[in-house]
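Notes for the structure review
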Amino acid sequence: MPFKNLLVEIEERVATLTINRPATLNALDEATLEELGHAMGGLEADEAIHAVVLTGAGEKAFVAGGDIFAMQPLGALEARRSALLAQGVLNRIEGGSKPVIAAVNGYALGGGCELAMACDLRIASETARFGQPEVKIGIIPGWGGTQRLPRLVGRGRALEMILTGEMIDAAEAYRIGLVNRVVPPGELLEEARRLARTIAEKGQVSVRLAREAVREGLEMDLERANLHEADLFALCFATEDQKEGMQAFQEKRPPKFRHR
């Protein structure tokens, strides 16, 4: 379906999804969030797509945040509904069957930082800036920021970012583990796509199960998480890809995965 605020490109089993509101620094209003949810649903259903790269249009911003002009008049019940809408879209990104890589090309603030954190991996341009500045306008992160940020960087560092509202640069984001890699601006999209293609070449059943093991295991105690991992490990042995992968290893040739 055509989108007003999104661009979708597909090449070599990788979809590039671009949030296209450069006049607002790609700020997310409800219409754009709904489009993002629909787009992810369509990509989820397309078996030819094995990975997604998510980025923002232009050089200034990945996503500068939620649309403050749309938020300002909300009452408490409307604000809660809006937060749950956004959380639902981000949960869909995080919990979907396709790995998603954020290519952060500028400001990733507030909802933009929260969107990046919902992705599996984050590649940042050297010019990227991250932050949760909500306290500066009298609110708190409402799209999962108070939960995902401490899980990624630890409680103390997360609280410092949330309570001060100050931005950090790409180098600091890398140092604290918020991003996986930092690259020059001109190399950002290709680096993200290269990483996506590397993942897309693997057996997609094992990729999906590995993501599930990490995502769900983080919410369990270690004993239960290890048992869950063992169950998913065993499930791999019911797949054609496991047979092909191990046979290819023994025959010293590249595997030809059928993703089932």
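Residues numbered from 1 in each chain as written. Predicted model: local features only at pLDDT ≥ 70, side-chain atom pairs only at ≥ 80, totals over all residues. Heavy atoms only, no water.

1. Regarding the overall build of the protein chain
Looking only at helices and strands, the protein chain features 11 helices and 10 strands. Taking 2.2 N^0.38 as the reference for a compact globule, 260 residues should give roughly 18 Å; the C-alpha atoms of the protein chain span a radius of gyration of 19 Å, in line with that estimate. By its C-alpha atoms, the protein chain is 60 × 40 × 35 Å across when sized along the principal axes. The burial tally for the protein chain puts 45% of its 260 residues in the buried class. Residue pairs in contact within the protein chain that sit at least 24 positions apart in sequence constitute 68% of those at least 6 positions apart. Surface exposure of the protein chain reaches about 13600 Å², of which carbon and sulfur atoms provide 56%. Side-chain charges in the protein chain split into 31 positive and 37 negative, and the spacing between the mean points of these groups amounts to 2 Å. (Helix = DSSP H or I, 4+ residues; strand = E, 2+ residues; numbered from the N terminus. Rg over C-alpha atoms; globule rule 2.2 N^0.38 Å. Buried < 20%, exposed > 50% of the residue type's maximum accessible area, 1.4 Å probe, protein only. Contact = heavy atoms within 4.5 Å. Areas by Shrake-Rupley, 256 points an atom, 1.4 Å probe, with all protein chains shown as cover. Lys, Arg positive; Asp, Glu negative; His and termini not counted. Charge placed at Lys NZ, Arg CZ, Asp CG, Glu CD.)

2. Brief notes about the pairing of strand E7 (residues 121-125)
With respect to burial, E7 is a largely interior element, 4 of its 5 residues being buried. Examined bridge by bridge, strand E5 (residues 100-104) and E7 share 4 bridges and lie parallel to one another. Across the sheet, Ile101 pairs through a bridge with Leu121, a residue of E7. One ladder, built from 3 bridges, connects E7 with strand E10 (residues 181-183); its direction is parallel. Opposite Ser125, over in E10, you have Val183 as the bridge partner. (Pairing = 2+ DSSP bridges.)

3. What about the sheet that holds strand E1 (residues 6-11)?
The strand order E1-E2-E3-E5-E7-E10 describes an open sheet built from 6 strands, whose pairing is mixed. Each edge of the sheet is formed by a strand with only one pairing partner; in this case those strands are E1 and E10. With direction set aside, neighbouring strand axes in the sheet form an average angle of 20°. (Axes fitted to C-alpha atoms, helices over the stretch in contact; angles between N-to-C directions.)

4. Focus on a nonpolar patch on the surface
On the surface, Ile68, Ile137 and Ile139 cluster together to form a nonpolar patch covering roughly 260 Å² of accessible area. Looking at the secondary structure, you find Ile68 in helix H2 (residues 68-71). In this structure Ile68 comes out as partly exposed when scored by relative accessible area, which is 43%. (Patch = residues over 30% accessible without salt bridge, like charges linked within 9 Å, V, L, I, M, F, W, Y side chains within 5 Å. Salt bridge = Lys/Arg side-chain N within 4 Å of Asp/Glu carboxyl O.)

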